[in-house]
Amino acid sequence: MKFGYFDDVNKEYVITTPQTPYPWINYLGNETFFGLISNTAGGYCFYRDARLRRLTRYRYNNIPVDNGGRYFYVNDEGDIWTPGWMPVKKKLDRYECRHGLGYTSITGERNGISVTQLSLVPLSYTGEVHQVTVTNKSNTTKSVKLFSFVEFCLWNANDDMTNFQRNLSTGEVEIEDSVIYHKTEYRERRDHFSFYSVNSPIDGYDTDRESFLGAYNGLDAPHAVTIGHASNSKASGWSPIASHQLNITLEPGEERSFNFVLGYVENPEEEKWSAPGVINKSRAYEMIQRFATKADVQQAMFDLEAYWERLLSKYTIASGDEKLDRMVNIWNPYQCMVTFNMSRSASYFESGIGRGMGFRDSNQDLLGFVHQIPERARERIIDIASTQFEDGSAYHQYQPLTKKGNNEVGSGFNDDPLWLILGTAAYIKETGDMSILDEQVPFDCNPDNTATLFEHLKRSFFHVINNLGPHGLPLIGRADWNDCLNLNCFSKEPGESFQTTQNIEGRIAESVFIAGLFVFVGPDYVELCKRRGLDQEAAEAQAYIDQMREVTLEHGYDGDWFLRAYDHFGNPIGSHTNDEGRIFIEPQGFCVMAGIGVEDGRALRALESVKEHLETDYGIVLQQPPYSEYYLNLGEISSYPPGYKENAGIFCHNNPWIMMAETVLGRGDRAFDLYKKIAPAYLEDISEIHRMEPYVYAQMIAGKDAVRHGEAKNSWLTGTAAWNYIAITQAILGIQPDFDGLRINPCIPQAWDRLEITRVFRGDTYRIVITNPDHVSKGVARVSVNGQQLENAVVPAFGDGREHLVEVVLGESIAQEAVQA
């Protein structure tokens with residue numbers, strides 16, 4: 001069942017009913033200011049950090065589920081309604097929501113009045129702009145009253161929801177003309193305030209929540225809107241809001257537009273006040289003036305469109321499959337950019353309070369956006385590396401506002417260091433910028449204790465070697481990629497954190513997944529050593545990689561698949577000897593991606609085991625059978641009901657690892673079939689089952705053991721976005737950035753005849769035409785550039801800024817060693 005449709009020409013998803021199975025959201029903002037907005041205008045916004053600089057309130061786990069946002073109420077001679085349907089929920093004669101790239105437009109129409117709310121965060125702007133257009137589509141003169149509404153958060157979103165004995169006494173505002181300024185705590189330690197303005201004289205306002213709503217009313221029936229006039233209330237203590245009243249008279253066919261700006265301003269300490277107790281508003285005036293007219297908003301939309309056109313043009317495909325094209329050309333790279341901005345911190349599932357930017361997460365996310373904004377990827381790598389410790393370990397998370405490690409979670413996740421090598425290598429392959437390795441980067445954000453980034457990578461590599469267990473496999477620490485596999489926790493106390501509680505000390509529990517990751521990532525470190533003239537270090541590192549490969553085959557293979565781990569007692573996990581959790585997805589993906597077991601057939605058996613035991617109609621589950629009880633030695637993974645999250649849910653993040661593993665074996669049909677199982681554009685027709693947005697990936701889909709198999713959860717902010725983008729663009733379509741150019745190595749369905757891909761790489765534009773006359777899945781028979789045939793399948797970086805025609809014919813491979821390198 002569909003609840004809308006894709007408008008590929010405008011790069012929008014058009015929602016045709018407000019009653020989607022779950023709020024379907026979009027993200028506003030690209031640089032320092034961000035907002036979340038649902039198809040019914042719910043959500044909130046913040047500056048840089050969703051925890052420490054939140055402008056508006058949002059109540060998670062609410063009833064109704066999406067309650068609170070940037071609302072506009074219409075009082076049409078006593079008929080009260082909202083154009084986004086929520087929160088009043090009056091029946092609309094027409095409804096449409098268009099989620100575009102960095103903007104959302106919501107239109108509601110009732111009794112001849114049409115209201116469109118266009119919401120965006122302009123480029124290089126620290127605020128949201130909401131352009132509200134009211135149109136009289138009736139044949140009579142209409143007099144309506146329009147009320148805006150936002151509820152201010154008292155900045156620290158965690159404290160805002162807990163410290164009521166203070167917060168219900170601190171709220172402060174200023175009102176000047178048509179602008180409401182929120183200045184809670186500005187009198188003391190804060191140098192920032194927010195404001196909500198409209199570019200028109202107003203007929204009233206409210207800044208006190210109780211005065212606007214009424215003491216016992218909800219957002220569905222605000223007192224001020226119901227009676228038709230604001231009370232000009234001034235918040236003092238209690239809960240500050242901002243609401244403007246506009247009385248509008250429209251002749252038939254007439255429309256009027258109003259620009260509302262919800263902005264954030266910081267003032268230097270010496271410039272905080274314009275008079276005793278009065279905010280210095282000069283910067284706010286500048287922000288408001290920038291959107292004084294309708295044309296100003298139109299220009300901001302043009303700029304936003306050009307911004308996204310430039311980013312998305314870096315990789316485009318014309319395949320003949322419209323669903324594949326819209327995922328590769330529009331929605332997957334868009335989600336990668338949103339995930340770059342947010343990491344895992346702020347969605348309709350992540351409150352932005354408990355988590356900052358993840359060390360592992362951000363390095364993986366980088367894989368999906370480095371080709372779009374390499375300069376910001378460089379900055380992100382330095383930020384991530386700065387939270388590393390001298391022994392190579394790292395903070396698991398850091399706060400984006402301070403860029404310092406999150407002490408509440410700490411370190412000890414032993415896969416974290418390796419992702420820094422992967423992320424840095426991806427950046428260098430994309431840009432050719434080896435100079436990043438010479439950057440001085442702090443340890444633990446201490447500017448007095450620094451080393452080159454290359455030294456950080458070295459310590460990342462040797463953190464694994466210095467932390468091996470009894471079998472010679474890497475110690476898992478608190479957890480590896482799966483934060484819910486907690487082999488050193490042994491938690492019996494309700495409310496304890498599985499990730500930060502370590503009730504039994506020991507260096508026994510090992511991870512086969514980290515072993516596969518080490519063998520997969522290690523060659524990039526070896527290559528960087530060679531390119532710095534460190535041949536001896538390269539040889540030493542390669543020896544460790546070769547040794548880990550052998551150890552993994554000896555102690556990490558279980559007969560038909562790779563083991564997952566060894567627990568604190570040295571017992572295997574993910575083994576045929578286990579009653580539950582006999583086979584896991586992660587090591588089958590990464591070990592085969594690393595080439596472990598390819599030569600002797602063990603990799604093939606492992607992937608066949610995935611197909612036999614883990615694959616479902618909606619994707620590949622994380623493990624089988626699910627855990628039916630809580631196991632002290634396993635931790636959180638066994639705390640979930642069967643089929644959900646890490647307990648045999650379809651964790652979409654690791655499905656592309658199997659896709660990529662299948663391309664290692666040359667099975668293009670199988671790889672693409674798995675891709676289509678979880679790619680959202682292919683799931684649009686089952687939205688009533690899937691429930692989440694049909695334009696972005698979800699983190700998890702309920703597995704075959706769940707009550708509601710196929711139901712998704714935790715959309716938007718997930719490593720699924722980057723890994724699926726890599727799986728389709730690099731592993732399946734086979735356009736792979738490498739140190740010396742673009743490696744061409746497709747692994748596609750045999751039935752495909754022709755593909756055309758445009759790839760911008762190091763300033764040059766490569767138009768890549770791939771033909772498949774022999775209908776093979778893998779193998780490059782010929783590659784020519786500008787009519788000149790190459791000896792191998794690596795297209796050089798010309799550096800001339802021009803367009804180059806690359807013609808690729810699939811068939812029996814040329815320069816096989818170059819293609820597989």
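Quick caveat: nothing in here was measured; it's all calculated off a predicted structure. (Residues numbered from 1 in each chain as written. Predicted model: local features only at pLDDT ≥ 70, side-chain atom pairs only at ≥ 80, totals over all residues. Heavy atoms only, no water.)

### Thoughts on the pairing of strand E25 (residues 440–443)
Applicable threshold: Here, strands pair whenever DSSP counts at least two bridges between them. Only runs of H or I of at least four residues qualify as helices and only runs of E of at least two qualify as strands under DSSP, and these elements are numbered from the N terminus.
Here E25 pairs with strand E26 (residues 446–452) via 4 bridges, running antiparallel. Bridging from a neighbouring strand, Phe-443 pairs with Asn-446 of E26.

### Overview of the nonpolar core
The condition is simple: Here, the term nonpolar core denotes a set of buried Ala, Val, Leu, Ile, Met, Phe, Trp, Tyr and Cys residues that are joined through side-chain atoms within 4.5 Å. The buried label applies to any residue whose accessible area, calculated with a 1.4 Å probe on protein chains only, is under 20% of its type's maximum; exposed applies above 50%, and partly exposed to all values in between. We call two residues in contact whenever any of their non-hydrogen atoms come within 4.5 Å of each other.
In this structure, Leu-146, Phe-195, Tyr-675 and Trp-723 are the most contacted members of the largest nonpolar core, which totals 251 residues. Sorting elements by how many residues they give to this core places helix H12 (residues 512–531) first, with 12 residues. For Trp-723, the contacting residues outside a window of four places in its chain are Gln-364, Leu-367, Trp-419, Leu-422, Phe-590, Met-593, His-653, Pro-656, Trp-657 and Met-660.

### Details of helix H13 (residues 535–555)
Filter applied, for reference: In this scheme, a helix's expected span is set at 1.5 Å multiplied by one less than its residue total.
In this model H13 runs 30 Å from its N-terminal to its C-terminal C-alpha over 21 residues, within 8% of the 30 Å that 1.5 Å per residue would give. Along H13, the residues that are buried comprise Ala-538, Ala-541, Ile-545, Met-548, Val-551, Thr-552 and Leu-553. Contacts from the buried residues of H13 go to helix H11 (453–465), H12, helix H14 (585–593) and helix H15 (602–613).

### Side note on the environment of Gly-741
Mapped onto the fold, Gly-741 is located in strand E38 (residues 741–744). In this structure Gly-741 comes out as buried when scored by relative accessible area, which is 0%. As a C-alpha pair, Gly-741 and Trp-155 span 586 residues in sequence and 47 Å in three-dimensional space. Setting aside its immediate chain neighbours within four residues, Gly-741 contacts Gln-736, Phe-761, Val-794, Val-795, Pro-796 and Ala-797.

### Some remarks on the pattern of salt bridges
Definition in use: Whenever a carboxyl oxygen of Asp or Glu lies within 4 Å of a side-chain nitrogen of Lys or Arg, that contact is scored as a salt bridge.
The tally for this structure, following the rule as stated, stands at 57 salt bridges. With a shortest N-O distance of 3.0 Å, Lys-429 and Asp-524 are connected by a salt bridge. With Lys-429 in helix H10 (residues 416–431) and Asp-524 in helix H12, this residue pair connects regions lying 95 residues apart in the sequence. What makes Asp-524 buried here is its relative accessible area of 11%. The partner of Asp-600 in a salt bridge is Arg-602, and the shortest N-O contact between them spans 2.8 Å.

### Structural notes on the sheet that holds strand E36 (residues 712–715)
The strand order across the open sheet formed by 3 strands is E34-E35-E36, and the pairing between neighbours is antiparallel. Each of the sheet's edge strands pairs with one partner strand only, and the pair in question is strand E34 (650–651) and E36. As paired strands, strand E35 (residues 698–701) and E36 are joined by 3 bridges and run antiparallel to one another. Among the inter-strand pairings, Ala-698 is bridged to a residue of E36, identified as Ser-715.

### Some remarks on the confidence of the model for the protein
The condition is simple: Note on scores: pLDDT gives the predictor's confidence for each residue, bounded by 0 and 100.
In this model, the protein carries a mean pLDDT of 95, and residues with pLDDT of at least 70 account for 99%. Confidence over residues 816–821 falls short of pLDDT 50; this stretch has 7 contacts with residues more than four positions distant or in other chains.

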